[in-house]
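Close look at the chain arrangement
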Amino acid sequence: SDSSGGMEALFGSKWTWSVGQGEEGPPFVAELHADGSFSAPTAGKHAHWWTDSQGRINVEWGTRQGLHIMVCNSGRNRLSGMRVAGSVPCEASLLALDPLRQH
C-alpha cells in the first residue's frame, strides 16, 4: 500500500467545518475530493488539500482563509487545527464518506 497513512479514507469525505468562535460565520460543509481539490462556500476555485510528512491535512483555500493545518483524531471523525493567518483555531466533524469509493 502507499505511504499516505490511511488518508485515502478521506478522499471524497464531507465535513462540517468551523473557523474560530463563529466570527467567520456559522459552520459550513467542506469536501476533500479524491483529486486533491477542496470545495467549501468560501474556498477559491483553485483550493486544494494534501497531507504532509507528519500526517497533517493541509488545506489551501485560495482565498483570504489562506492555509489551514489540521490533524485527524484517532477515530478519524474529527479534525482540529489552525488557520495559519491569525492563528485561528479550526475544527471539523465528519459528515459523510464517499459511498462510491471503490478502491
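Let us look at the structure shown here.

About the criteria used
- Residues numbered from 1 in each chain as written.
- Predicted model: local features only at pLDDT ≥ 70, side-chain atom pairs only at ≥ 80, totals over all residues.
- Heavy atoms only, no water.
- Pairing = 2+ DSSP bridges.
- Helix = DSSP H or I, 4+ residues; strand = E, 2+ residues; numbered from the N terminus.

What follows concerns the sheet that holds strand β1 (residues 13-19). Spatial ordering of the open sheet is given by β3-β2-β1-β8-β7-β6-β5-β4, a layout of eight strands whose pairing is antiparallel. Two strands lie at the open edges of the sheet, namely β3 (38-39) and β4 (48-51), each paired on one side alone. Direction of pairing for β1 relative to strand β2 (residues 28-32): antiparallel, over a ladder of five bridges. Opposite Thr-16, over in β2, you have Val-29 as the bridge partner.

For the rest of this paragraph, the subject is the pairing of strand β7 (residues 78-83). Where strand β6 (residues 67-72) lies against β7, five bridges are found, and the strand directions are antiparallel. From the neighbouring strand, Cys-72 faces β7, where its bridge partner is Leu-79. The antiparallel hairpin formed by β6 and β7 contains five residues in its connecting segment, where Arg-76 sits at a positive phi of about 65°. Where β7 meets strand β8 (residues 88-96), six bridges bridge the pair, whose relative direction is antiparallel. Looking at the pairing, Arg-83 lines up with Val-88 of β8. Counting the residues in the hairpin turn of β7 and β8 gives four residues, including Gly-86, whose phi is positive at 80°.

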